[in-house]
Amino acid sequence: MLKKIKKFLGALGPGIVTGASDDDPSGIATYSQAGAKYGLTTLWTVIITFPLMAAIQEMCARIGLITSVGLTTTLKAHYGKAVLYLMVIFSVPAIILNIGADIAAMGAVANLMIPSVPPIYFSMFFTFLLLIFIVYLPYQKFVAVLKYLCLTLLLYIVVPFFTKPDWAQVLKHTFIPTFRLDKDFIGVLVAILGTTISPYLFFWQTAMEAEDVKTVKRQLIVNKRMLTLSDAFPDNGEKRERKLLGLLIQKMSIDVNLGMFLSNLIMFFTILATGTALFSHGVRNIDTVEQAAKALEPVAGQLSYLLFTVGIIGTGFLAIPVLSGSLSYIVTETFGLKGSLDKKFHQAKAFYVILIISVLLGLGINYFGINPVDALLYTAILYGVTCPVIIGIVLHIANNKKIMGEYTNKTWSNVLGGLCLLVMTAGAIFLVYLQFFSK
């Protein structure tokens, strides 16, 4: 069984890691809030978020495959410094706040299991482990570990079965949308959109696909054995290149769709678990993941509580490397510094120093007096402002023949991408309205 899992995960690429990392502790907190506050009535959002996420992440992945560079480098080369610096100004603080909120959540839930140890000590311990994990593991092992960490998300699929949901109601609320014209309900919908379609994932997906192209080294897997492209197509270099890209795009598409499906599946089961266990038992106000975990215990039993708690720690270990790695790619590519996860520390000191600083700043939020819930709020605002702009740019790049050649968007990609742009723009406008103009 373990060999089959290893073989299956080995065949997957960056898409599965990207999708899984989207369900970080802050995302789980958002889904828990939705379930506790409104029961099962937001389950239908999964039907909306999955195709939108998959379409945008596929574009980012394709851009990485075709250009062999990160999204920031493409922005820098084709869209001018003004656009680039705007992305950096909004993205970097949001990612640091997100890291901080995730570290705090990991420390808080660990404290629930061992109350005698203060949460901050757990946060420091997890930060130390993460930095060792990120800096000292070679790229291929790093990605392999992230893939195995994806398995921790399966814990959230198990939890709802302890809460005994009414499956007829589950099906009803999944396929028949419920909508309320009040700002709190719409605010929850905007929060769900914001935490599922996050800008840092665009940068990570593009960078990781670019790294994978470099790792391939012009080799193809054919009939379960390795053949070089020159062996397969000895007389036509252009044909070899097109065949390579065709196979990589086909594999990437499956990988991205599977990753986004996993992300939305976890969102679905988290809302289901908290909507069944908490909402139906009168627990309506959940601000943090530790509150959600603690509230589950008396309702669904200690095992469900432990599964939920361990899942938070696992998703933190999965998401924080992605967050910090995305930030490091953004900054190094912006300022022309060399480095990537494919390099060792001594080969890419600037890259790793930036990555380390981002994680330590995230940890420092606990000392700066910023409440993790407030950190999530500020993150949502910053992501909300930048997300529509980045989606618009990704759409433009994916349709730009000078950059993408013959691999520009097809009609369906543009339809879903355009719909995603409209939905996220409306969400951003409403989010800003709620925070600054609504009484």
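For the structure itself, look to the data block above.
Conventions we followed
- Residues numbered from 1 in each chain as written.
- Predicted model: local features only at pLDDT ≥ 70, side-chain atom pairs only at ≥ 80, totals over all residues.
- Heavy atoms only, no water.
- Helix = DSSP H or I, 4+ residues; strand = E, 2+ residues; numbered from the N terminus.
- Buried < 20%, exposed > 50% of the residue type's maximum accessible area, 1.4 Å probe, protein only.
- Contact = heavy atoms within 4.5 Å.
- Areas by Shrake-Rupley, 256 points an atom, 1.4 Å probe, with all protein chains shown as cover.
- Salt bridge = Lys/Arg side-chain N within 4 Å of Asp/Glu carboxyl O.
- Phe/Tyr/Trp six-rings, centres within 6.5 Å; stacked < 30°, edge-to-face > 60°.
- Core = buried A, V, L, I, M, F, W, Y, C linked by side-chain atoms within 4.5 Å.
- Polar contact = N/O pair within 3.5 Å; in protein donor to acceptor, adjacent residues only side chain to side chain.
- Patch = residues over 30% accessible without salt bridge, like charges linked within 9 Å, V, L, I, M, F, W, Y side chains within 5 Å.

Caption draft 1: Molecular detail of the overall build of the protein chain. The secondary structure content of the protein chain amounts to 21 helices and two strands. Within the protein chain, the proportion of its 439 residues that are buried is 56%. For the protein chain, the proportion of contacts with a sequence separation of at least 24, taken over those separated by at least 6, is 82%. Accessible area for the protein chain stands at about 19200 Å²; split by element, carbon and sulfur atoms hold 67% of it.

Caption draft 2: Quick peek at the pattern of salt bridges. Using the criterion set out here, one finds one salt bridge in the structure. R62 is the partner of E58 in a salt bridge, and the nearest nitrogen-oxygen pair spans 2.8 Å. Of this pair, E58 and R62 both sit in helix 4 (residues 45-67), four residues apart, roughly one helical turn. The same class applies to E58 and to R62, which are both buried.

Caption draft 3: Main features of unusual backbone geometry. Phi is positive for S68, which is not a glycine, with a value near 60 degrees. Position of S68 among the secondary structure elements: in the loop between helix 4 and helix 5 (71-78). Accessibility expressed as a relative area gives 24% for S68, which makes it partly exposed.

Caption draft 4: Region of the structure containing the environment of L360. Relative to the helices and strands, L360 resides in helix 18 (residues 349-368). The exposure class of L360 is partly exposed, given its relative accessible area of 42%. It is 7.6 Å that separates the C-alpha atoms of L360 and T127, two residues lying 233 residues apart in sequence. Once residues within four sequence positions are removed from consideration, L360 is found in contact with T127 and L131.

Caption draft 5: Examining the packing of aromatic side chains more closely. By the definition in use, this model includes 12 aromatic pairs. Look at F50 and F261: their rings are 6.0 Å apart centre to centre, the planes differ by 80 degrees, and that puts the pair in the edge-to-face class. Residue F50 is located in helix 4, and its partner F261 is located in helix 15 (residues 237-277); the two are separated by 211 residues in the primary sequence. Look at F50 and you get partly exposed, because its relative accessible area is 27%. Of the residues examined, F261 reaches a relative accessible area of 45% and is grouped as partly exposed. Note on F126 and F317: the rings are 5.6 Å apart at their centroids and 85 degrees apart in plane angle, and the pair reads as edge-to-face.

Caption draft 6: Inspection of the side chain of R62 at higher detail. With a relative accessible area of 5%, R62 lands in the buried category. Apart from the residues within four sequence positions on either side, R62 is in contact with I249, M252, A398, M404, Y407, T408, N409 and S413.

Caption draft 7: Representation of the nonpolar core within the structure. With 134 residues, the main nonpolar core has I197, F202, L341 and I391 as its most contacted residues. Per-element accounting of this core gives the leading share, 16 residues, to helix 15. For F202, the residues in contact, after removing those within four places along its chain, are I56, Q57, C60, L71, I197, C387, I390 and I391. Counting six residues, the second-largest nonpolar core is a separate cluster that includes I186, I381, L431 and L434.

Caption draft 8: Spotlight on the side chain of E333. Its location among the elements puts E333 in helix 17 (residues 302-334). Reaching out from E333, the side chain makes a polar contact with the backbone nitrogen of T73 at a distance of 2.9 Å.

Caption draft 9: Representation of a nonpolar patch on the surface. Taken together, Y121, M124, F345, V353, I357, L361, Y367 and F368 make up a surface patch of nonpolar side chains, about 790 Å² in accessible area. Looking at the nonpolar patch, the elements with two or more residues in it are helix 7 (119-136) and helix 18. At five residues, helix 18 tops the list of elements feeding residues into the nonpolar patch. Within the secondary structure, Y121 is located in helix 7.

The values reported here are purely geometric and, on their own, carry no functional implication.
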